[in-house]
Amino acid sequence: MSKVIDPKRSRVIETLSLSKGRRTTGPERSRRIRVRYAPSPTGIPHIGNIRTALFNYLFAKNQNGDFLLRIEDTDQNRLIPESVEKIKESLELLGLKWDEEEHQSKRLEIYKKHLDILKGKDLAYEDDGAWRFKVEKGKTLQWDDVVHGQVKFSSDVIEDFIIIKSDGFPTYHFASVVDDHDMQISHVFRGDEWISSTPKHLLIYQAFGWEPPKFVHLPPILGADHKKLSKREGAKSVIEYIEEGYLPEAIVNFLAFLGWSPKDDREIFSLEELTREFSLDRINKNSPIFNLEKLNWFNSQWLRRLPQKELSKKIKKAFPRYDPKIVGKLTPLIQKRITNVNDFPKLCNFFFEVPKPLDSVVEKGVLSKVAENFVKVSWNAEEIKNSIEDFAQSQKVDKKDLIVSIRNIVAGRPVTPPLYESLEILGKDETIARLKKYVS
Ligand code: GLU
């Protein structure tokens with residue numbers, strides 16, 4: 001296989017971006033943009049697959065085109081029944097609405113009809129009950145890949161391949177080409193691992209006299225070790241990520257940046273904004289590296305942008321055991337401090353259960369007096385603050401030490417939402433009780 005960058009590539013891409021809103025001449029460019037996400041229902045798709053779906057979606061919607069979901073269920077041995085639902089759920093969770101839905105298993109007649117055409121042209125022959133495509137040797141098969149430029153194969157390395165299996169179902173190659181043509185797909189987005197299948201597809205296009213679509217082979221997402229992304233490193237499903245407290249907006253934003261980048265250095269993009277900005281010429285040729293910290297960062301950014309009420313709702317839903325009224329009061333205090341909804345208990349569980357106190361920095365006698373003092377404070381953050389500051393000054397205690405000590409005892413952890421507000425929410429009685437218990 002030889003891959004060279006086509007100097008004409010940038011021109012091709014320019015033409016593409018022109019096609020929006022303005023009809024260009026020529027048979028190819030006047031075609032409506034239609035793309036398909038074509039998963040095989042052999043399991044729950046992981047985020048690498050969903051990134052392919054996202055790029056399909058963004059391109060289609062950017063071009064006012066159609067996004068098809070095509071279930072490639074022709075390999076009967078590998079079907080896992082619930083995968084279709086999981087595929088749809090993954091897309092729905094991210095807001096990737098498809099315009100049309102097809103299932104290859106319902107199209108067997110169409111493949112059979114196309115087999116007959118090839119038989120008529122003497123381009124297919126039977127072999128053990130299956131049907132093979134006759135590969136003409138000595139041919140050069142090449143295409144101008146949107147990501148990789150010119151890619152070339154010789155047909156000499158391709159053996160006659162099966163197009164219809166003995167069970168009557170088509171193989172991936174055959175069904176994919178017949179469908180891409182029949183469904184008028186203009187651009188095929190798929191993982192790089194399919195590059196070596198494309199020459200076979202081109203042979204089928206040629207056999208029927210059809211014009212192939214544009215191919216956009218996306219480099220795979222790699223782990224930090226530059227190897228195939230493992231489950232442990234992040235190759236999980238969208239459904240799992242959402243269960244782990246990641247927001248759909250953050251997942252979309254993160255996935256878009258795995259292999260694509262905008263013109264400027266802006267990083268926060270909603271699905272709508274990505275749709276507006278997306279362009280083929282900004283898809284990267286190099287494999288993107290999965291970086292969980294980056295996903296966490298996107299998540300914290302999107303958490304901040306959520307309306308407070310919505311964040312409250314999410315926390316309440318994730319932690320039904322917590323008093324929803326208190327969750328509501330805590331939400332504004334933690335919104336900028338969490339990177340994930342699931343961080344809430346780490347920061348806030350001391351509001352709902354008595355923690356094991358950490359050590360005090362100041363002497364117990366001092367804490368005892370602080371507790372006494374609190375009795376007469378009118379209990380709001382401002383007054384609590386004044387009381388602690390006055391106390392520190394009059395008793396010649398370091399204010400910082402005092403604050404650290406109160407936090408260590410009342411919250412049992414070194415990091416909390418802002419202390420005065422936290423004490424207000426915790427309540428006067430509970431605060432005093434925790435201090436007193438510690439000094440007793
Ligand atoms: N069914 C193939 C897959 O599971 C689709 C490849 C393609 O998009 O052509 O990835």
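These lines cover the structure that appears in this document, whether it is placed above or below.

What counts as what
- Residues numbered from 1 in each chain as written.
- Predicted model: local features only at pLDDT ≥ 70, side-chain atom pairs only at ≥ 80, totals over all residues.
- Heavy atoms only, no water.
- Helix = DSSP H or I, 4+ residues; strand = E, 2+ residues; numbered from the N terminus.
- Rg over C-alpha atoms; globule rule 2.2 N^0.38 Å.
- Contact = heavy atoms within 4.5 Å.
- Areas by Shrake-Rupley, 256 points an atom, 1.4 Å probe, with all protein chains shown as cover.
- Lys, Arg positive; Asp, Glu negative; His and termini not counted.
- Charge placed at Lys NZ, Arg CZ, Asp CG, Glu CD.
- Pairing = 2+ DSSP bridges.
- Axes fitted to C-alpha atoms, helices over the stretch in contact; angles between N-to-C directions.
- Parallel < 35°, antiparallel > 145°, perpendicular 65-115°, else oblique.
- Left-handed = near helix turned anticlockwise from the far one by under 90°.
- Nonpolar A, V, L, I, M, F, W, Y, C, P; charged D, E, K, R; others polar.
- Phe/Tyr/Trp six-rings, centres within 6.5 Å; stacked < 30°, edge-to-face > 60°.
- Lys NZ or Arg CZ within 6 Å of the ring centre and 35° of its normal.
- 1 Å grid on protein atoms, 1.4 Å probe; cavity = no way out; pocket = protein on both sides within 12 Å on 5 of 7 lines; lining within 4 Å.
- Points joined across faces, edges and corners; volume = space filled by probe spheres on them.
- Core = buried A, V, L, I, M, F, W, Y, C linked by side-chain atoms within 4.5 Å.
- Buried < 20%, exposed > 50% of the residue type's maximum accessible area, 1.4 Å probe, protein only.
- Near = heavy atom within 4 Å.
- Polar contact = N/O pair within 3.5 Å; in protein donor to acceptor, adjacent residues only side chain to side chain.
- Sits in = over half its atoms within 2 Å of the grid points.
- Salt bridge = Lys/Arg side-chain N within 4 Å of Asp/Glu carboxyl O.
- Expected span 1.5 Å × (residues − 1).

Of the regular secondary structure elements, the chain holds 18 helices and eleven strands. A compact globule built from 440 residues would reach a C-alpha radius of gyration of about 22 Å, whereas the chain, at 30 Å, exceeds it by more than 25%. Taken along the three principal axes of its C-alpha coordinates, the chain extends 100 × 45 × 35 Å. For the chain, restricting intrachain contacts to residue pairs at least 6 apart in sequence, the fraction spanning at least 24 positions comes to 74%. Of the roughly 21,500 Å² that the chain leaves accessible, carbon and sulfur atoms contribute 49%. Between the centroid of the 72 positive side chains of the chain and the centroid of its 65 negative side chains there is a distance of 3 Å.

Taken in spatial order, the three strands make up an open sheet running β5-β6-β9, and their pairing is antiparallel. Edge positions in the open sheet fall to β5 (124-127) and β9 (161-164), since each of these has one partner strand only. Taking each pair of neighbouring strands and ignoring which way they run, the sheet shows an average axis angle of 45 degrees. When β5 meets strand β6 (residues 130-133), the two strands line up antiparallel, connected through four bridges. By the bridge assignment for β6, Tyr-125 is matched with Arg-132. Each of β5, β6 and β9 is contacted by helix α4 (residues 108-120), which is oriented at about 130 degrees to β9, the strand it contacts most.

Now for the packing of helix α16 (residues 399-410) against helix α17 (residues 419-426). The interhelical angle for the contact between α16 and α17, taken along N-to-C directions, is 40 degrees, at an axis separation of 11 Å. Classed by the angle they form, the pair α16 and α17 counts as oblique. The handedness of the crossing between α16 and α17 is left-handed. Here α16 contributes Lys-399, Ile-403, Ile-406, Arg-407 and Val-410 to the contact with α17, which in turn contributes Leu-419, Tyr-420, Leu-423 and Leu-426. Taken together, the residues of the contact of α16 with α17 sort by class into seven nonpolar, no polar and two charged.

Turning next to the packing of aromatic side chains. Tallying each qualifying case throughout the model produces 26 aromatic pairs. Counting every residue linked through ring pairs, the aromatic cluster contains Phe-55, Phe-254, Phe-257, Trp-260, Phe-269, Phe-278, Phe-290, Trp-297 and Phe-298. Sitting over the face of the ring of Tyr-241, Lys-236 holds its NZ or CZ atom 5.0 Å from the ring centroid. When the ring centre of Tyr-438 is taken as origin, the NZ or CZ atom of Lys-364, which lies over that ring, is 5.1 Å away.

Of the volumes computed, that of the largest pocket is approximately 960 Å³. Around the largest pocket, the lining comprises 39 residues; the ones closest to its centre are Pro-39, Ser-40, Asn-49, Glu-193 and Trp-194. Those elements giving two or more residues to the lining of the largest pocket turn out to be β2 (34-37), α2 (47-62) and β10 (187-191). Looking at the lining of the largest pocket, the element that brings in the most residues is α2, giving four residues. Among the residues forming the lining of the largest pocket, the class breakdown is 18 nonpolar, eleven polar and ten charged. Counted as a void, the second largest pocket has a volume near 450 Å³. Ile-242, Glu-243, Tyr-246, Lys-314 and Lys-317 are, among the 16 residues lining the second largest pocket, the residues nearest its centre.

What follows is about the nonpolar core. In terms of nonpolar packing, the biggest core is built from 98 residues, with Ile-283, Phe-374 and Ile-406 touching the most fellow members. The dominant element in this core, judged by the number of residues it contributes, is α2, at nine residues. Here Ile-283 is in contact with Phe-55, Val-147, Phe-189, Val-216, Leu-218, Gly-259, Trp-260 and Phe-278, once residues within four sequence places are set aside. Judged by nonpolar contacts, the second largest core, of 32 residues, contains Ile-163, Phe-174, Leu-203 and Phe-215.

Attention now goes to the site of the ligand. Taken together, the residues surrounding the ligand are Arg-36, Ala-38, Ser-40, Glu-72, Tyr-172, Arg-190 and Trp-194. Contact distances for the ligand include 2.8 Å between a nitrogen atom and a backbone N or O atom of Ala-38. Ser-40 is positioned with one of its side-chain polar atoms (N or O) 2.9 Å from a nitrogen atom of the ligand. Isolated, the ligand exposes 300 Å² of accessible area, and the fraction of that covered by the protein chains is 83%. Applying the majority rule of atoms within 2 Å of the grid points places the ligand in the largest pocket. Taken together, the residues of the shell around the ligand break down into three nonpolar, one polar and three charged.

With that settled, consider the packing of helix α15 (residues 381-395) against α17. Packing of α15 against α17 leaves a shortest axis separation of 8 Å and a crossing angle of 115 degrees. Crossing hand, α15 versus α17: right-handed. Residues Ala-381, Ile-384, Lys-385, Ile-388 and Glu-389 of α15 form the contact with α17, whose participating residues are Tyr-420, Glu-421, Leu-423 and Glu-424. When its residues are assigned to classes, the contact of α15 with α17 shows five nonpolar, no polar and four charged.

We now examine the pattern of salt bridges. Inspection of every chain in the model, using the stated rule, returns 29 salt bridges. For the salt bridge of Asp-343 with Lys-346, the shortest nitrogen-to-oxygen distance reads 3.4 Å. Judged by its relative accessible area of 17%, Asp-343 is buried. For Lys-346, a relative accessible area of 53% puts it in the exposed group. Members of the salt-bridge network, linked through shared partners, are Arg-36, Arg-70, Glu-72, Glu-102, Arg-107, Asp-179, Asp-180 and Asp-182.

Taking 1.5 Å per residue, twelve residues should reach 16 Å; α16 reaches 16 Å between its end C-alpha atoms and fits that length. When α16 is considered as a whole, its buried residues turn out to be Leu-402, Ile-403, Ser-405, Ile-406, Arg-407, Asn-408, Ile-409 and Val-410. In the core, the buried residues of α16 are packed alongside α14 (364-375), α15, α17 and α18 (428-439). For α16, the capping residue at the N-terminal end is Asp-398, with a side-chain oxygen 3.0 Å from the backbone nitrogen of Lys-400. Once α16 ends, the next one or two residues include Gly-412, with phi positive near 70 degrees.

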